[in-house]
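Below are the chains, spelled out letter by letter.
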Amino acid sequence: MKFSYAFSNLCGAVYRQGNLLFTNDGDSIFSPVGNRISQFDLKRNKSWTYPFENRKNVSCLAVSPNGLLMISVDEDGRALLVNLHRKVVLHHFNFKRPVCDIKFSPNGKFLAITHSKSVQVWHSPGVMLEFAPFVLYRTFPAQYDDALCLSWSDDSNFLAVGSQDTSCRVYSLRHIHGYHYVNLTAHRSAILSCFFEHKSLNLYTISKDGAVVNWQCDKTLAEMQHYMEQQLEKNEATKDGQHSDADVNDSGSELEEDSEKGVSVVENHQSSQKDDSNEDVLLPQTKRRKTHENNACYWENSAKHLFNQEGVAEVSCAAYHGPTHLLVVGFTSGTFTLHEMPDFNLIHSLSISQQKVASVAVNSSGEWLAFGCKGVGQLLVWEWQSESYIMRQQGHHYDMNVLAYSPDGQLVATGGDDGKVKVWNTTSGFCFVTFTEHTSAVTAVTFNHTGQVVVSASGDGTVRAFDMHRYRNFRTFASPRPVQFASLALDPSGEVVSAGSLDTFEIFVWSMQTGKLLELLTGHEGPVCGLAFSPLSAILASCSWDKTCRLWDVFERKGNIETLHNSSDVLCLAYRPDGEELAVASLDGQITFWNVRGVVQTGSVEGRRDLQVGRSVEHKVTAKHLAGGSCFTSLCYSADGKCILAGGRSKFVCIYEVSQQLLIKKFQISKNRSFDGMQQYLNSAKMTEAGPLDLLDVESDSDTEDLSLPGVLKGGHLLGHLLTVILPSMLQVT
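Residues numbered from 1 in each chain as written. Predicted model: local features only at pLDDT ≥ 70, side-chain atom pairs only at ≥ 80, totals over all residues. Heavy atoms only, no water.

Another point: the overall build of the protein. Within the protein one finds 5 helices and 54 strands. Residues counted as buried form 51% of the 734 residues belonging to the protein. Contacts in the protein between residues at least 24 apart in sequence constitute 45% of all its contacts with a sequence separation of at least 6. Of the roughly 34,300 Å² of accessible surface on the protein, 48% is carried by carbon and sulfur atoms. (Helix = DSSP H or I, 4+ residues; strand = E, 2+ residues; numbered from the N terminus. Buried < 20%, exposed > 50% of the residue type's maximum accessible area, 1.4 Å probe, protein only. Contact = heavy atoms within 4.5 Å. Areas by Shrake-Rupley, 256 points an atom, 1.4 Å probe, with all protein chains shown as cover.)

Spelled out as structure tokens, the structure:
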């Protein structure tokens, strides 16, 4: 038995929030999934998840131009510097404020981030371990509201920043005489995206209300580079003594005063020209040109376009591909449009989801478009020229309840509260088939002995069998009266299907070949929460909340042959691979081992002390006192039967040695602090008079419609702001 389990891949979720990024070759895409990063290789049809974790859910990503470094920033502004080739974390850094956007400069020397109302530019860190790889280069003046987006020019000398205050400012990375920054105002709503044209200083700004403004610059990149070289020569001549030291100090102080006031030199030059009486008779265009003729550069509004979307759809994200001049815009209605700039010609428009498009990306060749939908956890890659999907993946909309390995370990079947059964390939990590026949939550799922049939049970009162060759529901098992099924089991030959009910406390037995009900087993006085056939015989074991486990001989029709009494309500059970031993987990946190032949208890494990329960923000007592209600809800033997894995109402999975009833190892399934109950101690500074700060909707999103219902604890109709708790609902070993 191998105990050194290491994280390998994350199946069942492909996208949660944050921005999508293509690799430099355009063949793979990075997708933030919670506090982890997954990479999907679109050409080799593989996916993997990096082993490192952020402290909270990832909000934005950035990859260096050479493809060696990646920076992932979480919701609180804590960043990880990662070496992509070695998949190791080089440094932890805290920006101390939430970051909306982060981008490397095209030359790879600088890193720009939005820092609340200001913008910070850092020296790009190296690929080797350093004591302090992040060195601040420059901080640009603050805007009137939070900065939302960034865009670098191709020469890495200019930085455009879009803000919540409906303005876009263009900063110069170097100090240029006669230029501080230019404030571009032509929008009526917050600017979500801004882009420089390819090998040009022309600029596009896109606002939330669906307006696109084309800003034309009076200089090209070559002209601006020549101008900067001239300024550099003048500065060197000044240092050689052509000007006095007093003049140098005076000019420096004037530049500092301008930067402190937040007023550009361009604006000061405009105000000085207002007193000229000759300018009153000039046309506005001529006046503007004469006003700026002595400045470094300026931008003017050359065109403004509007997206004609039906209803109240607003822009949610945008991406621009410079070499092909393609502009991709996603909307809150789940629609995206593809335009050719600067003429704003509509190439394509398609509705891809019922939820808003949260992120969009374009690969290096401009052929593939990637879309991420936060509400449904959907990730799409669309080839716009052939109008076909390269990849279309979506996880469960609500909680995932159950899973099962195929006999060969190549497939994993999962069932969730959304009523869907998904089958995943463990090698590639992709879901290749989804069954949507169930109308209620899926409570159990399993494979037959050949791996060609998937059987699932649901709260809608049906048990369905799916063919893995034709991908269809070929058999549906139903009860004589409406019931809710909570457990499921197949005999080793795959000929008998049994399911336990939640409300009538009965066990139904059907024939796989004919679909007829063979037998109805009664005797339990509580919900039947677990079923398992012996691997080597036809003995069916069932557990219930009535504190008993019962053994049934299904083929001989002898009914209940043995009853195993426990000290508390039984939650789950598992057979040892040889069928000689049965492990039972109860509500009091104990795992009891029974010899099936002699019906004798061989040992027990007190697991409550091993389940360290974290403290929730709603709890009034410490985590130590909360451990009294912890228990195991899933059991699984190792392949050799010497160890057993147990998980339940805790963030830990425990591994016990069966013969000596000792805890060998336990590992934590996640360290994401965006979930509730992940910490042992709470921060008292987050407690306010209105309650815990994490439960207050301080920054409510106006895009989401309030559909909350009282009394709902899961799903899409939660009342108020409730944090999600992560718990292992089922364990399986290949």
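So, next bit.
Further remarks concern the sheet that holds strand β52 (residues 662-668). Through backbone hydrogen bonds, the strands of a sheet pair up, either in parallel or in antiparallel fashion. Strand order across the open sheet formed by 4 strands is β49-β50-β51-β52, with antiparallel pairing between neighbours. The two strands at the open ends of the sheet, each matched to only one other strand, are β49 (632-637) and β52. If you compare each strand with its neighbour and ignore which way they point, the axes differ by 25 degrees on average. With 5 bridges connecting them, strand β50 (residues 643-648) and strand β51 (residues 652-657) associate as antiparallel partners. Within the sheet, the bridge partner assigned to isoleucine 644 lies in β51 and is tyrosine 656. (Pairing = 2+ DSSP bridges. Axes fitted to C-alpha atoms, helices over the stretch in contact; angles between N-to-C directions.)

A separate point is the pattern of salt bridges. Counted according to the given criterion, the structure contains 10 salt bridges. In this structure, the salt-bridge partner of aspartate 218 is lysine 219, at a minimum N-O distance of 3.7 Å. Look at aspartate 218 and you get partly exposed, because its relative accessible area is 32%. Arginine 597 is the partner of glutamate 580 in a salt bridge, and the nearest nitrogen-oxygen pair spans 3.2 Å. Linking glutamate 580 in the loop between β45 (570-575) and β46 (581-586) with arginine 597 in the loop between β47 (590-595) and β48 (600-606), this pair joins segments that are 17 residues apart in sequence. A cluster of three or more residues bridged by salt bridges with shared partners is formed by Arg576, Asp578 and Glu581. (Salt bridge = Lys/Arg side-chain N within 4 Å of Asp/Glu carboxyl O.)

Before going further, it helps to spend a moment on unusual backbone geometry. In terms of backbone geometry, most residues other than glycine have negative phi values and most peptide bonds are trans. Here the amide bond leading from methionine 341 into proline 342 is cis, since omega sits at 5 degrees, within 30 degrees of zero. Within the secondary structure layout, proline 342 lies in the loop between β23 (335-340) and β24 (345-351). For asparagine 45, which is not glycine, the phi dihedral falls at a positive 55 degrees. Positionally, asparagine 45 belongs in the loop between β3 (36-41) and β4 (46-49). The partly exposed category is assigned to asparagine 45, whose relative accessible area is 46%. Although it is not a glycine, tyrosine 471 adopts a positive phi angle of roughly 55 degrees. In this fold, tyrosine 471 is placed in the loop between β35 (462-467) and β36 (472-478).

Now for a positive patch on the surface. A cluster of basic residues, Arg55, Arg78, Arg673 and Lys686, forms a positive patch on the protein surface. Residue placement: lysine 686 occurs in the loop between β52 and β53 (687-688). (Patch = residues over 30% accessible without salt bridge, like charges linked within 9 Å, V, L, I, M, F, W, Y side chains within 5 Å. Lys, Arg positive; Asp, Glu negative; His and termini not counted. Charge placed at Lys NZ, Arg CZ, Asp CG, Glu CD.)

Moving on: the environment of alanine 413. With respect to the helices and strands, alanine 413 occurs in strand β30 (residues 411-416). When its relative accessible area of 0% is taken as the criterion, alanine 413 is described as buried. Spatially, the C-alpha atoms of alanine 413 and threonine 446 are 7.4 Å apart, while their sequence positions differ by 33 residues. Ignoring any residue separated from it by four or fewer positions in sequence, one finds alanine 413 in contact with Val402, Leu403, Ala404, Lys422, Val423, Val445, Phe447 and Val454.

With that settled, consider the sheet that holds strand β15 (residues 167-176). Here 4 strands make up an open sheet; going across it, the order is β13-β14-β15-β16 and the pairing antiparallel. At either margin of the open sheet sits one strand with a lone partner, and together these are β13 (147-152) and β16 (179-185). Strand-to-strand, the axes of this sheet are offset by a mean angle of 20 degrees, without reference to chain direction. Note that strand β14 (residues 158-163) and β15 share 5 bridges and pair antiparallel. The partner of leucine 159 across the bridge, within β15, is tyrosine 171.

Let us now look at the pairing of β45. β45 sits mainly inside the fold: 6 of its 6 residues count as buried. Where β45 and β46 come together, 5 bridges link them in antiparallel fashion. Note that in β46 the partner of cysteine 572 across the bridge is alanine 585.

The next thing to look at is the pairing of strand β39 (residues 507-511). Buried residues dominate β39, accounting for 5 of its 5 residues. Both faces of β39 are covered, namely the face carrying Ile507, Val509 and Ser511 and the face carrying Phe508 and Trp510. As judged from the 5 bridges shared by strand β38 (residues 496-501) and β39, these two strands associate in the antiparallel manner. The residue of β39 that forms the bridge with glycine 500 is isoleucine 507. In sequence, β38 turns back onto β39 through a hairpin of 5 residues, with phenylalanine 505 there showing a positive phi of about 60 degrees. Judged from the 4 bridges that link them, β39 and strand β40 (residues 517-521) form a sheet pairing that is antiparallel.

Considering all chains together, one arrives at 1 cavity of 30 Å³ or more under this definition. Approximately 40 Å³ is the volume attributed to the largest cavity. Along the walls of the largest cavity sit 13 residues, with Leu10, Ala13, Phe40, Ser47 and Gly429 positioned nearest its centre. Elements represented by at least two residues in the lining of the largest cavity include exactly β3 and β4. Ranked by residues supplied to the lining of the largest cavity, first place goes to β4 with 3 residues. Residues of the lining of the largest cavity, tallied by class, amount to 7 nonpolar, 6 polar and no charged. (1 Å grid on protein atoms, 1.4 Å probe; cavity = no way out; pocket = protein on both sides within 12 Å on 5 of 7 lines; lining within 4 Å. Points joined across faces, edges and corners; volume = space filled by probe spheres on them. Nonpolar A, V, L, I, M, F, W, Y, C, P; charged D, E, K, R; others polar.)

With that settled, consider the nonpolar core. Counting 25 residues, the largest nonpolar core has Phe158, Tyr179, Leu203, Met224 and Trp299 as the members making the most contacts within it. For this core, the secondary structure elements donating two or more residues are β14, β15, β16, β17 (191-196), β19 (211-217) and α1 (221-242). The greatest single-element share of this core, amounting to 4 residues, is contributed by α1. Sequence-distant contacts of leucine 203, that is, excluding residues within four places in its chain, are made with Ala160, Cys168, Val170, Leu184, Phe195, Phe196, Val213, Asn214, Trp215 and Trp299. (Core = buried A, V, L, I, M, F, W, Y, C linked by side-chain atoms within 4.5 Å.)

The next point concerns the side chain of histidine 187. Along the chain, histidine 187 falls in the loop between β16 and β17. A residue is classified by how much of its surface remains accessible, and histidine 187, at 9% relative accessible area, is buried. Polar side-chain contacts of histidine 187 include one of 2.7 Å to the side chain of threonine 205. Polar contacts involving the side chain of histidine 187 include one to the side chain of serine 207, which spans 3.1 Å. When neighbours within four sequence positions are excluded, histidine 187 is seen to be in contact with Thr166, Thr205, Ile206, Ser207, Ala211 and Val213. (Polar contact = N/O pair within 3.5 Å; in protein donor to acceptor, adjacent residues only side chain to side chain.)

A word on the environment of cysteine 11. Positionally, cysteine 11 belongs in the segment before β1 (21-22). Residue cysteine 11 is classed as partly exposed on the basis of its relative accessible area, which comes to 35%. Between the C-alpha atoms of cysteine 11 and cysteine 431, which are 420 residues apart in sequence, the distance is 8.3 Å. Setting aside residues no more than four positions away along its own chain, cysteine 11 makes contact with Trp424 and Gly429.

Looking now at the confidence of the model for the protein. Put simply, the protein has an average pLDDT of 84, and 84% of its residues get 70 or more. Within the protein, the element-level pLDDT minimum falls on helix α3 (residues 265-272), averaging 36, and the maximum on strand β25 (residues 359-362), averaging 96. In the model, residues 243-294 has pLDDT below 50 throughout and makes 34 contacts with residues more than four positions away in sequence or in other chains. Here residues 716-721 is a poorly scored stretch, pLDDT under 50, and it has 20 contacts once near neighbours within four places are set aside; other chains count. (pLDDT = per-residue confidence, 0-100.)

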